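Understanding the architecture of this molecule
So the chains spell out like this:
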Amino acid sequence: MEKKIRILNSIIILLFSFCIIEAKEYKDEIEDFKIIKVRDGGTFVITIPNIPDVFGEEIAVRVRGIDTPEKRDEREEIKAIAYKAQEELEKLLMSGEKVILYNLGRDKYFRLLASVKVGNIDVSKYMIDKGLAKKYDGGRKQW
C-alpha cells in the first residue's frame with residue numbers, strides 16, 4: 001500500500017510539474033497567482049491561473065522556515081499569538097505589494113512549501129522579528 005501511495009505521489013508531482021511548464025515558465029518562482037485566504041500565521045491558500053484546476057485551484061502554501069502557534073492551543077496566551085500571526089500575515093499578503101513564492105518544495109503534508117517575499121520583505125524574517133513565529137526546519141514544533 002505504501003509503495004502504491006509513493007508511486008501515485010510521484011505521478012502527481014510529474015503531472016503538476018508538466019502542467020506548470022506548459023502553462024508558463026515559472027522557473028523557480030511563482031508570482032502569477034491569486035491569494036484566496038490566510039489559514040493561519042504560516043499557511044495561506046492560492047489559485048494559480050492557466051493550469052488545470054486539479055493542480056492550480058486552492059493550493060495550500062506553507063511559509064518556509066517558520067512555525068507559528070496553533071489557534072486551537074489550549075493556552076490562551078499562545079492562542080492570542082496565533083490569531084495575531086494570522087492577522088499580520090493577512091495584512092502583509094494583502095498589502096498590495098507584489099508577492100513572490102520561491103525556493104519551492106513540498107512539506108510533509110504535501111502542501112506547497114515556499115519562501116515568500118512581499119515587496120522587499122522576507123515573510124519568514126518579518127514574522128520572526130515580530131515575535132509571531134519561530135524558526136522551523138521541519139522537526140519538532142517549538143510552541
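Relevant structure appears above.
Right, let's walk through the structure included here.

What counts, and at which threshold
Residues numbered from 1 in each chain as written. Predicted model: local features only at pLDDT ≥ 70, side-chain atom pairs only at ≥ 80, totals over all residues. Heavy atoms only, no water. Phe/Tyr/Trp six-rings, centres within 6.5 Å; stacked < 30°, edge-to-face > 60°. Lys NZ or Arg CZ within 6 Å of the ring centre and 35° of its normal. Helix = DSSP H or I, 4+ residues; strand = E, 2+ residues; numbered from the N terminus. Buried < 20%, exposed > 50% of the residue type's maximum accessible area, 1.4 Å probe, protein only. Polar contact = N/O pair within 3.5 Å; in protein donor to acceptor, adjacent residues only side chain to side chain.

Now for the packing of aromatic side chains. Applying the stated criterion across every chain yields a total of zero aromatic pairs. Across the ring face of Phe-110, the terminal group of Arg-106 is positioned such that the distance to the ring centre comes to 4.3 Å. Taking the ring centre of Trp-143 as reference, the NZ or CZ of Lys-134 above it sits at 4.4 Å.

What follows deals with unusual backbone geometry. For Glu-58, which is not a glycine, the phi torsion comes out positive at approximately 50°. Relative to the assigned elements, Glu-58 resides in the loop between α2 (53–56) and β4 (59–63). Its identity as a non-glycine residue notwithstanding, Asn-103 has a phi of 55°, on the positive side. Take Asn-103: it is sitting in strand β6 (residues 99–106).

Turning next to the environment of Asp-129. Summarising the element assignment, Asp-129 is placed in helix α4 (residues 123–129). According to the relative accessible area criterion, Asp-129 is exposed, its value standing at 54%. Of the polar contacts made by the side chain of Asp-129, one reaches the side chain of Lys-125; its length is 2.7 Å.

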